[in-house]
Structure formats: C-alpha cells, structure tokens
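Residues per chain, in single letters:
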Amino acid sequence: MMHAEHVVQSSSATWRDYLELCKPRVVLLMLLTVVVGMYLATPGWVSMSLMFFSLLGIGLCAGSAAAINHLVDKRIDAIMTRTKKRPVASGQVSVRQALWFALIMGALGLTVLVIFVNQLTACLTFVTLIGYAGIYTGYLKRATSQNIVIGGLAGAAPPLLGWTAVTNQLDPQALLLVLIIFIWTPPHFWALAIYRYEEYQHAQIPMLPVTHGIAFTKLNVYLYTILLLVVSVLPFVIGMSGFFYLIGALALGGRFLFWSHKLYRTDKPVVAMQTFRFSIVYLMLLFVFLLIDHYL
C-alpha cells in the first residue's frame, strides 16, 4: 500500500528511464574532469580514438555505479520529495531490470577500458565503482555523518582516470586534481543537505545537518571552502599551471567563499540551494580554466 501512488508497471519503462538511472548530468560533469585530466597529462594532444574509448568506458562504469545507487537507495528515494520520481523508487524500472542494466553497463565499460585503453585505468575505474556503489552507497551513507567526506574519494577519482588513460602511470600532479575534487565535495553536498534537511531527517540518513545541526554544518561548509581556495592554487604553486589559471581559481574561489559566507550568516533555505548550484558551476569552470591554461 505504501507509495502505491508512485508504482507503475515496470514494462512501461522507456529509454529515458534508463538514461535517468545513469544520472547523466553528474556523469557529464565527471567526464569533463576526465577530459581535463587526459589533456593535462601530455604536452601535446590526445588522440580522438583514445579519448572516445576512455570516455565510453569510464562513462559506462559511472552509469553503472549510478544505477546501483538507485537500487540501494530505493527506500530512501521513495520517501524524499527530491527523489521519489526516480525510475526504481517509483517502480517505473524494476529492481531486476535495474540490476541487469547496471551489471551489463559495468562489464561493458571495464571491457572497453581493458581492451582499448589500459589495465591500470580499468583497475582504478573498478575500484572507484566499488568505492562509490558499494562502500559509500551501501554502507557509509547510513553509517556516519562523515559519509560524504570519506566516500568523496571515489567521486574525486575521474581526473586521475583520465590521466592514467594517457600515461598508464600514477603521477603526483594527477593526485592533486583528485585532492581538489575531494575538498570540493563536502561543501558542495552539505549545502544541498542543509536545504534538504527535513527530508534526510525523515529518511533517517545521518547527514551532518541531521546529526550535528544546521549551524555546525554551515561552519563546516565555510571552513572547507576556505581550504578549497587554498588547495585550488596549488597547481600554480607547483608550476603545473600559469597565471591564467591562478586568476580564474582565485576569482571562482572568492565567489564560492561569498556564497559560503552568505550561507553561514543567513537562515534562508534558498541560499543553501544557491550555494549548491554555484558549487557545480565552480568545479566546471575551474577545470575549464585548467584546460585552457595548459595550452596558453
């Protein structure tokens, strides 16, 4: 009886439902960081065939991880307003269909990476998939208020995957790109968690605003944003990027800090959502600046 109003016959699933399972907007942002990682790994240009197969393989695996996320979070998604219309939560796609879809996508993605890219990238992608879909979604999300901090490491891996796709080796500069996304993830997600506080509380998910209060979470968003501003200039400090990137990083970091400060000083929920939305723009533009600066 519960949530019966949202349950429909899974046979009516369309290609749009399966596309939604992949969280395409999240995957596209992730693939942008993969592309930047690939180009930063070489002083020249990346071959189009390597680019195609790298993005195809990593994208398929990312879609697989997203589909598993839909499966594991089915109960939570059905409770929360933001997610109750998702394909699995609403019954548009059955659990069996979503599981097979995720397994096939993951297997295809890893196969593409092993055959057309390299084994190191395939292994790292597999570890990332397990880290996000298994460790974070399956355990950490429900176990600790630091879920997004610990689990954020898996979400920070894409530029490293792009780098290894080109070089077939691990390099400190690639790990710096990972660090930037790792530090960016908590203020990005906690801003959304503040806005969706009541929904997370109702779903009994121990997000930081639920366990430690909204005021404490706002302080953490503020402090992490300051740390992000510092970390974001490291590519310039180590000679990885030039003044064009530095100016862009400082401008973007200053704007992010503006929103974090505004969030810290206000009780208006809309500011939390505005901060969340800008954080997406921030990461996208920061990596675009990295890419442009590399070829100036």
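Residues numbered from 1 in each chain as written. Predicted model: local features only at pLDDT ≥ 70, side-chain atom pairs only at ≥ 80, totals over all residues. Heavy atoms only, no water.

**Here's the deal with the overall build of the protein**
Along its length, the protein carries 16 helices and zero strands. For the protein, whose C-alpha radius of gyration is 19 Å, the value lies close to the compact-globule estimate of 19 Å for 296 residues. Dimensions of the protein, computed from the C-alpha atoms along their principal axes, are close to 60 × 50 × 30 Å. Per-residue burial for the protein yields a buried fraction of 52% across its 296 residues. Sequence separation of at least 24 residues holds for 75% of the intrachain contacts in the protein that already meet a minimum separation of 6. Surface accessibility of the protein: about 13,900 Å² in total, with carbon and sulfur atoms responsible for 68%. Across the protein, the mean location of the 19 positive side-chain charges is 4 Å away from that of the 10 negative side-chain charges. (Helix = DSSP H or I, 4+ residues; strand = E, 2+ residues; numbered from the N terminus. Rg over C-alpha atoms; globule rule 2.2 N^0.38 Å. Buried < 20%, exposed > 50% of the residue type's maximum accessible area, 1.4 Å probe, protein only. Contact = heavy atoms within 4.5 Å. Areas by Shrake-Rupley, 256 points an atom, 1.4 Å probe, with all protein chains shown as cover. Lys, Arg positive; Asp, Glu negative; His and termini not counted. Charge placed at Lys NZ, Arg CZ, Asp CG, Glu CD.)

**Concerning the environment of isoleucine 280**
Checked against the element boundaries, isoleucine 280 lands in helix α16 (residues 269-294). Separated by 92 residues in the primary sequence, isoleucine 280 and histidine 188 place their C-alpha atoms 7.5 Å from one another. Dropping the residues within four chain positions of it, isoleucine 280 is found in contact with Leu29, Trp184 and His188.

**So, the domain arrangement of the protein**
According to the domain assignment, the protein consists of domain 1 (12-168) and domain 2 (171-295). Just the C-alpha atoms count here: the centres of domain 1 and domain 2 sit 21 Å apart. Tallying the contact residues gives 36 residues for domain 1 and 35 residues for domain 2. When residues of domain 1 are sorted by the area they lose upon contact with domain 2, Leu40, Ile148 and Trp163 head the list and together hold 19% of the total. In this structure, the connection of domain 1 to domain 2 is made through zero salt bridges. The element best represented in the side of domain 1 that touches domain 2 is helix α2 (residues 24-40), accounting for seven residues. In terms of residue class, the side of domain 1 that touches domain 2 is built from 20 nonpolar, twelve polar and four charged. (Domains from an automatic or database assignment. Buried area = accessible area lost by both parts, 1.4 Å probe. Salt bridge = Lys/Arg side-chain N within 4 Å of Asp/Glu carboxyl O. Nonpolar A, V, L, I, M, F, W, Y, C, P; charged D, E, K, R; others polar.)

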